[in-house]
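As a plain string of letters, each chain reads:
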Amino acid sequence: MPRRRAEPVYTVAIGVGRTLFASWRLKRRATGLENIPDAGGAVFAMTHFGYLEFALVEWQTWLHNRRRVRFMATKRAFDKPVVGSLLRGMKHIPVDMSAGGEAYAQAVAALGRGEIIGVFPEAGVSASFTVRDLKSGAVRLAAQAGVPIIPVAVWGGQRLLTKNRKIRLRDRFGVQVHFAFGAPQVVAEGDDVAAATARLRETLQELTDTLQRDYPVDGTGQWWQPKHLGGTAPTPEEAAASDAERDRRRALHGT
């Protein structure tokens, strides 16, 4: 395994995350770890069912081979004094939603330097706990930088922190968090971006389906389980309508 330069801020952040997850006694299981490259650039295209997937995937990747994942995060997060300092110290990439070209260029450059860039191609948390239609950014990044896409599904993380749900602290203890790292997908610059994005979505849903099928906790009647599997989460259509209404209110109030 190649030697990596010391990054004190990243190391401290990983230590804090490991301490937190250990205190919650999370039960971790992962498949496909051999698909995480020991060196070289790659795009992690991840499912997004909760707010802690970035930290959970960092945790699992670090435990496997000490690779650091650089995430693309909204500029609003970087504008917060303490959080922003941590994000910059960990070399994550700020994304200005009104002008994303600079962030895209930074991500391509980081991939060229051999970094792993983590993205959430659904561009938001899926309240239905099914994989939504994807934006094409992950595919375009990988094609331009000449690196593979690693599909990553996480199941169980939504039980720790997600949108539209207040989760009691005691309900975070002993949660099963499962990961699936899919086989690398290679996209050349001349490939059909829409077709490659559709293929990526299918893979992420297949990985998610497998994690849900093998999950050792019965989700029947549970808020964190998709409706088609017997849970009480909203359907994709209901979740989309709720998101549209939220966006309408934000636009109306200028937030």
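Located above this text is the structure these notes cover.
1. Observations regarding the packing of aromatic side chains
Using the criterion set out here, one finds 12 aromatic pairs in the structure. Seen in terms of ring centroids, F21 and W59 are 4.9 Å apart; in terms of plane orientation they differ by 50 degrees. Their pairing is tilted. One end of the pair, F21, is in helix α1 (residues 8–23); the other, W59, is in helix α2 (residues 53–65), with 38 residues separating them in the sequence. This pair shows no difference in class: F21 is buried, exactly as W59 is. With a centroid separation of 5.7 Å and 75 degrees between ring planes, the pair formed by Y215 and W224 is classed as edge-to-face. There is no split in this pair, since Y215 and W224 are both buried. Counting every residue linked through ring pairs, the aromatic cluster contains F49, F129, W155 and W223. Seen from the ring of W59, R28 lies directly overhead, with NZ or CZ sitting 5.4 Å from the centre. Taking NZ or CZ as reference, R159 lies 4.8 Å from the ring centre of W224, over its face.

2. Thoughts on the environment of K163
Its location among the elements puts K163 in the loop between β6 (149–155) and β7 (176–181). Apart from residues lying up to four places away in sequence, K163 is in contact with Y51, V125, A127, D243 and R246. In terms of polar contacts, K163 uses its side chain to reach the side chain of D243, at 2.9 Å.

3. Some words on helix α7 (residues 193–214)
For α7, with 22 residues, the first-to-last C-alpha span of 32 Å sits near the 32 Å given by 1.5 Å per residue. All of the buried residues in α7 are A196, T197, L200, T203, L204, Q205, L207, T208, L211 and Q212. The inward-facing, buried residues of α7 contact β2 (42–46), α6 (137–145), β6 and β7. Among the residues of α7, the N-terminal cap falls to D192, whose side-chain oxygen and the backbone nitrogen of A194 are separated by 2.9 Å.

4. Remarks on unusual backbone geometry
A positive phi angle, close to 55 degrees, is found at R25, a residue other than glycine. Looking at the element boundaries, R25 is found in the loop between α1 and β1 (27–31). Since its relative accessible area comes to 54%, R25 is described here as exposed. Here N164, not a glycine, exhibits a phi torsion of approximately 65 degrees, which is positive. Structurally, N164 can be placed in the loop between β6 and β7.

5. Notes on the pattern of salt bridges
Following the criterion strictly, the structure yields 13 salt bridges and no others. Ionic pairing is found between R70 and E115, a salt bridge with its closest N-O pair at 3.1 Å. With R70 in strand β3 (residues 69–74) and E115 in the loop between α5 (101–112) and β5 (116–119), this residue pair connects regions lying 45 residues apart in the sequence. There is no split in this pair, since R70 and E115 are both buried. Taking the shortest distance from any N to any O, the salt bridge between R213 and D214 comes out at 3.1 Å. Taking the relative accessible area as the measure of exposure, R213 reaches 61% and is therefore exposed. In the salt-bridge network here, residues are joined through shared partners; they are E7, R68, R70, K91 and E115.

Each value, and the rule that gives it
Here the residue index of a chain counts from 1 through its sequence in written order. Restriction of local features to residues with pLDDT of at least 70 applies here, the model being predicted, together with a cutoff of 80 or more for giving and counting side-chain atom pairs; totals for whole chains, interfaces and linings are based on all residues. Only hydrogens and water are set aside when side-chain values are computed; all heavy atoms of the structure are taken into account. Planes of paired rings set the category: under 30 degrees apart is stacked, over 60 is edge-to-face and the rest tilted, where pairs are Phe, Tyr or Trp rings (Trp by its six-membered ring) whose centres lie within 6.5 Å. Segments assigned H or I by DSSP are reported as helices when at least four residues long, segments assigned E as strands when at least two residues long, and all are numbered from the N terminus. Type-normalised accessible area, obtained with a 1.4 Å probe on protein chains alone, sets the label of each residue: buried when under 20%, exposed when over 50%, and partly exposed for intermediate values. Cation placement over rings: the criterion is NZ of Lys or CZ of Arg within 6 Å of the ring centroid and within 35° of the ring normal. Contacts between residues were defined by any pair of non-hydrogen atoms, one from each residue, lying within 4.5 Å. Two N or O atoms form a polar contact when they lie within 3.5 Å of each other; inside protein one atom must be a possible hydrogen donor and the other a possible acceptor, and for residues adjacent in sequence the pair counts only when both atoms belong to side chains. Multiply 1.5 Å by the residue count of a helix minus one, and that product is the helix's expected span. The rule for a salt bridge is simple: a side-chain nitrogen of Lys or Arg has to be within 4 Å of a carboxyl oxygen of Asp or Glu.

The values are spatial; any link to function lies outside them.
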